[in-house]
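Remarks on the overall topology
The chain contents come next:
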Amino acid sequence: MNFRPQCVGIDPPLGIWAHICGSELVRDADGTLYVLEDNLRVPSGVSYMLENRLVTKRVFPELFEHYAPLPVDDYPSQLFDTLASLSPRPAEYPEVVVLTPGIYNSAYFEHAYLAQQMGAELVEGRDLFVDDDDCCYMRTVDGPARVDVIYRRVDDLFLDPDAFRDDSALGVAGLMRSWKAGHVALANAPGAGVADDKVVYAFVPEIIKYYLDQEPIVPNVPTYRCMEPDALQYVLEHMAELVVKPANESGGYGMLVGPASTQAERDRMAAAIKKDPRNYIAQPTLKLSTVPTVIKDRLEPRHVDLRPFILSADRQQVTMGGLTRVALRKGSLVVNSSQGGGSKDTWILPQDSATETYEQVQGEAGQRQSQS
Amino acid sequence: MLSRVAENLYWLARYVERAENTARIVNVNANLLLDLPKGIAPGWKPLVDITGANELFEEHYKDYGERQVMRFLLGDERHPGSIRSALEAARENCRTIRDFVPREAWEQINGLTLYARDGLQKGLTKNGRHSYLRGLITHSQLINGLLDGTMLHDQGFEFLSLGRYIERADMTTRIADVHSASLLPDADEARPYDNIQWVSVLKSLTAYQMYRRSTQIRVQRGPVLGFIFKSPRFPRSLRWCIDHSRICLERLPRNEGCLRVNGRLARALDSAELEGFSQKELHDFIDELQLGIADLHEEIAQTWFPPLVTAAAA
């Protein structure tokens, strides 16, 4: 579903497709950290990470003096450097823009915030055009101005009406042409979403083994690929213990949490899986770690996951923090903000500054809720 | 600066100015009607005439009664020129360019939109009208002041100012038009009320006091026309709007076409012998000016704003 034949044969700058990556990490009951899913299209939420930190600083200044968590504030400048390094033209200040679908997009706040923090123009599709020279320009008061790098927060399918959906008013006609010609950089590259497919995710450890001959440092959650007959059989028999997810949904839509489901829901899901096994995977129900969370006026445990942000260009950087998402409903494992989840500031503490190793604090004093 | 941002700033200013001037027109007409005898008072239709929206009005209302016209000009969402619609549009234009507008100004634009919406019912009553309209005018002035006093005076500000002056130029000519051409018949029995009429024109522009200070003669048609059209010192006069939009234009790149249109407008104003004009001549002259103002807008849009989005072929 996220496969884009238009991207076959393209060699993006530095050989990187996913410049901004927001993989989902969870911790199980035995303390193991797992990669729950990959997020290579347009991971969002980083503005919450930054805003949460601002709020905690304001509310708990004394904790900062004591623990000295590593700062996250430099994310916008790291992001800018990452984007700037993709510029097709060598220039000290390449023209970097943030492409947003516009004011009615639910993440518009983040687009505006990042553009402002990076000092980049926030543009909509109609602000840009691709000229006969295959270069991309924005319409400014001074006339057309060449654009070098586009941090695009518009989905592949709406990016270029010439290449994808021709009814898209959000995109820029000819953008793919310009990108293929190497005259403008797109981050993330179109087509990177192919790896968001949860079935592709299930193959990642094998991919690592095959190409790098290494074991993953952070393991995947054991995953049943319903397209395989044995796995399908197992999933259908053990559905009440498993979490079943469609391969290409995001935002927590369409998934079934076995232990919390009714027989009717399981029957419906079983029918759906049998109809299209390729489109489903299943995983054991993890006992996601919890953190103390202020609910009304007292502390209660709530399940969380963690999304660090990884920037890859000429060098790789991982944020010294991340977006911790909280399932605010009691017992719920669904942390997505679109499903009523909240978020928390997340600290990484210098454990021992002499050895430069860092411990990530979760569920300790460093976790403070700032619902956003 | 992005063309889209320039366009949003321009329209933001135009809509705020439009709301303010509409409030001024309504307020003064209401006052004027109280002073005129029944047989002479022309009622409320002229107010719709100056906005040029008669067709739309007649589509939705049976007659030009006070209640109907008030609702149409103040609160009708179907009328894009109503105060309510203008303010919603101003806010919508501001929403995508919040980086360029100081936070306090954005808050005030929100505040004004809410004020217009929440106070509307009271504003439609005879007793509540005055304070409602005065609130609108003061609040608009507050926004202008905040923008002047706190915003970066860069290219964006020039577009904001351009929008303000062009809308103001347009509205000033309209105010002069309605009060001079349509409100009172050009006949002898209306002569005794001539003065009242011109005082009301001045008052709708908050110009009465300033007129008195700059022109030490009694309120008369000729000098009043001279003042509101040609005074280089009064910030709501047409002269002022043209001069100051020229200053804005001079600070922008690729301005040759716009300066030419602006110059044409200035010359037309200079060469007019306003005092000698009959009502009819004045009305025609104002029409000519409004076309010139529309040309200037067109030239600005052509030069700096993004092309209109054509609906994508499905």
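Located above this text is the structure these notes cover.
Thresholds applied
Residues numbered from 1 in each chain as written. Chains lettered and ligands numbered in written order. Predicted model: local features only at pLDDT ≥ 70, side-chain atom pairs only at ≥ 80, totals over all residues. Heavy atoms only, no water. Helix = DSSP H or I, 4+ residues; strand = E, 2+ residues; numbered from the N terminus. Rg over C-alpha atoms; globule rule 2.2 N^0.38 Å. Buried < 20%, exposed > 50% of the residue type's maximum accessible area, 1.4 Å probe, protein only. Contact = heavy atoms within 4.5 Å. Areas by Shrake-Rupley, 256 points an atom, 1.4 Å probe, with all protein chains shown as cover. Lys, Arg positive; Asp, Glu negative; His and termini not counted. Charge placed at Lys NZ, Arg CZ, Asp CG, Glu CD. Axes fitted to C-alpha atoms, helices over the stretch in contact; angles between N-to-C directions. Parallel < 35°, antiparallel > 145°, perpendicular 65-115°, else oblique. Nonpolar A, V, L, I, M, F, W, Y, C, P; charged D, E, K, R; others polar. Pairing = 2+ DSSP bridges. Salt bridge = Lys/Arg side-chain N within 4 Å of Asp/Glu carboxyl O.

**Quick word on the overall build of chain B**
- Check the secondary structure of chain B and you find 15 helices and 0 strands.
- A compact globule built from 314 residues should have a C-alpha radius of gyration of about 20 Å, and chain B, at 19 Å, falls within 12% of that.
- With respect to the three principal axes, the spread of C-alpha positions in chain B is 55 × 45 × 45 Å.
- Taking all 314 residues of chain B together, the buried fraction comes to 59%.
- Within chain B, residue pairs in contact and separated by at least 24 positions form 65% of the contacts whose partners lie at least 6 positions apart.
- Surface accessibility of chain B: about 14000 Å² in total, with carbon and sulfur atoms responsible for 51%.
- Measuring between centres, the 40 positive side-chain charges of chain B sit 5 Å from its 41 negative side-chain charges.

**Some points on the packing of helix H14 (residues 256-271) of chain B against helix H15 (residues 279-304) of chain B**
Residues and elements named next belong to chain B.
- Where H14 meets H15, the closest approach of the two axes is 9 Å, and the angle between their N-to-C directions is 170°. Judged on the interaxial angle alone, H15 and H14 are roughly antiparallel. Across the interface between the two elements, Gly257, Cys258, Val261, Asn262, Arg264, Leu265, Ala268 and Leu269 of H14 pack against Phe285, Glu288, Leu289, Gly292, Ile293, Asp295, Leu296, Glu299, Ile300, Thr303 and Trp304 of H15.
- Of the residues belonging to the contact of H14 with H15, the class tally is 11 nonpolar, 4 polar and 4 charged.

**Things to note about the sheet that holds strand E12 (residues 242-246) of chain A**
Residues and elements named next belong to chain A.
- Taken in spatial order, the 4 strands line up as E11-E14-E12-E13 in an open sheet, and their pairing is antiparallel. Edge positions in the sheet fall to strand E11 (224-225) and strand E13 (256-257), since each of these pairs with one other strand and no more.
- Pairing between E12 and E13: 2 bridges, direction antiparallel. Within the sheet, the bridge partner assigned to Val244 lies in E13 and is Leu256.

**Points about the sheet that holds strand E17 (residues 310-312) of chain A**
Residues and elements named next belong to chain A.
- Taken in spatial order, the 3 strands line up as E1-E17-E18 in an open sheet, and their pairing is antiparallel. At either margin of the open sheet sits one strand with a lone partner, and together these are strand E1 (20-21) and strand E18 (316-318).
- Across 2 bridges, the pairing between E1 and E17 is antiparallel. Of the residues in E17, the one forming a bridge with Ile20 is Leu311.
- Contacts from helix H3 (residues 75-84) reach E1, E17 and E18, with the element oriented near 25° to E17.

**Description of the pattern of salt bridges**
- Under the definition given, this model contains 44 salt bridges over all chains.
- Linking Glu24 of chain A and Arg307 of chain A is a salt bridge whose minimum nitrogen-to-oxygen distance equals 3.1 Å. With Glu24 of chain A in strand E2 (residues 24-27) and Arg307 of chain A in strand E16 (residues 298-307), this pair connects stretches of sequence that are 283 residues apart.
- Accessibility expressed as a relative area gives 0% for Glu24 of chain A, which makes it buried.
- Its relative accessible area of 7% is what places Arg307 of chain A among the buried residues.
- A salt bridge links Arg174 of chain B to Asp170 of chain B, with the shortest nitrogen-to-oxygen separation between them at 2.9 Å. Residue Arg174 of chain B and its partner Asp170 of chain B are both found in helix H9 (residues 155-182); the two are separated by 4 residues, about one turn of the helix.
- Judged by relative accessible area, which is 9%, Asp170 of chain B ranks as buried.

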